[in-house]
Amino acid sequence: MERTCNRCGTCCSYMADVFGIMEQTGPFDYRIQYLITGVQQIVTIDPDKKEIFSSNTIHDKRPLACPFLRLDTEGLAMCTVHETRPDLCRMYFCGR
């Protein structure tokens, strides 16, 4: 059965307890760490999402959201590091 994302953002709304930004390593590059395991990884803001990444208003409504989750102009959630997102995010399967 094929499932599609409805971009509600629920899956990423509590990921701040899972991932933390350790440091910014370049203009749009960040070293993150799985807070439970200590495993680190570099993620890069997708080229087409650099502008939306500068807006951080989602964290007013969802303070525990992944640090890379943003809302577009229509209020739909998007991952700004989708191309380099962590393996855990790649494995997630929404049951909604």
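Residues numbered from 1 in each chain as written. Predicted model: local features only at pLDDT ≥ 70, side-chain atom pairs only at ≥ 80, totals over all residues. Heavy atoms only, no water.

Going by what an unreviewed UniProt entry lists, the chain is known as YkgJ family cysteine cluster protein and is assigned to Methanospirillum hungatei.

A. Here's a closer look at the overall build of the chain. Helices and strands together make up the secondary structure of the chain, namely 3 helices and 5 strands. Each helix and strand of the chain, ordered N terminal to C terminal, gives the series β-β-β-α-α-β-β-α. Taking 96 residues into account, the globule formula puts the C-alpha radius of gyration at 12 Å, and the chain, at 13 Å, falls close to it. A burial count over the chain gives 33% of its 96 residues as buried. Taking all contacts inside the chain whose residues are at least 6 apart in sequence as the whole, residues at least 24 apart take part in 47%. When the accessible area of the chain is evaluated, it comes to approximately 6,400 Å², of which 55% is carbon and sulfur surface. Averaged over its 11 positive side-chain charges, the chain has a centre that lies 4 Å from the centre of its 12 negative ones. (Helix = DSSP H or I, 4+ residues; strand = E, 2+ residues; numbered from the N terminus. Rg over C-alpha atoms; globule rule 2.2 N^0.38 Å. Buried < 20%, exposed > 50% of the residue type's maximum accessible area, 1.4 Å probe, protein only. Contact = heavy atoms within 4.5 Å. Areas by Shrake-Rupley, 256 points an atom, 1.4 Å probe, with all protein chains shown as cover. Lys, Arg positive; Asp, Glu negative; His and termini not counted. Charge placed at Lys NZ, Arg CZ, Asp CG, Glu CD.)

B. Layout of the environment of F53. Here F53 lies in helix α1 (residues 50-53). The exposure class of F53 is buried, given its relative accessible area of 12%. Between the C-alpha atoms of F53 and L69, which are 16 residues apart in sequence, the distance is 8.2 Å. Discounting chain neighbours no more than four positions away, the residues touching F53 are Y30, I45, P67, F68, R70 and T80.

C. Quick look at the confidence of the model for the chain. Mean pLDDT over the chain stands at 90; residues scoring 70 or higher make up 95%. Within the chain, the lowest mean pLDDT, 85, falls on helix α2 (residues 58-61), and the highest, 97, falls on strand β3 (residues 40-44). (pLDDT = per-residue confidence, 0-100.)

D. How the structure looks around the nonpolar core. In terms of nonpolar packing, the biggest core is built from 16 residues, with Y30, V43, I45, C66, F68 and L69 touching the most fellow members. If one sorts the elements of this core by residue count, strand β2 (residues 29-34) sits on top with 3 residues. (Core = buried A, V, L, I, M, F, W, Y, C linked by side-chain atoms within 4.5 Å.)

E. Quick peek at the side chain of R70. Secondary-structure assignment places R70 in strand β4 (residues 69-71). In this structure, R70 is buried with no salt-bridge partner, the nearest side chain bearing the opposite charge being D60 at 11 Å. Reaching out from R70, the side chain makes a polar contact with the backbone oxygen of F53 at a distance of 3.0 Å. Setting aside residues up to four positions removed in sequence, R70 forms contacts with I52, F53, S55, N56, I58, H59, L76, A77, M78 and T80. (Salt bridge = Lys/Arg side-chain N within 4 Å of Asp/Glu carboxyl O. Polar contact = N/O pair within 3.5 Å; in protein donor to acceptor, adjacent residues only side chain to side chain.)

F. Region of interest: the sheet that holds β2. Here 3 strands make up an open sheet; going across it, the order is β1-β2-β3 and the pairing antiparallel. Where the open sheet ends on each side, the last strands, each with one partner, are β1 (19-26) and β3. Across this sheet, the average inter-strand angle for adjacent strands is 30°, counted without regard to direction. Inspection of the sheet shows β2 paired to β3 by 5 bridges, in the antiparallel sense. Residue R31 lies in a different strand from β3, and its bridge partner there is I42. (Pairing = 2+ DSSP bridges. Axes fitted to C-alpha atoms, helices over the stretch in contact; angles between N-to-C directions.)

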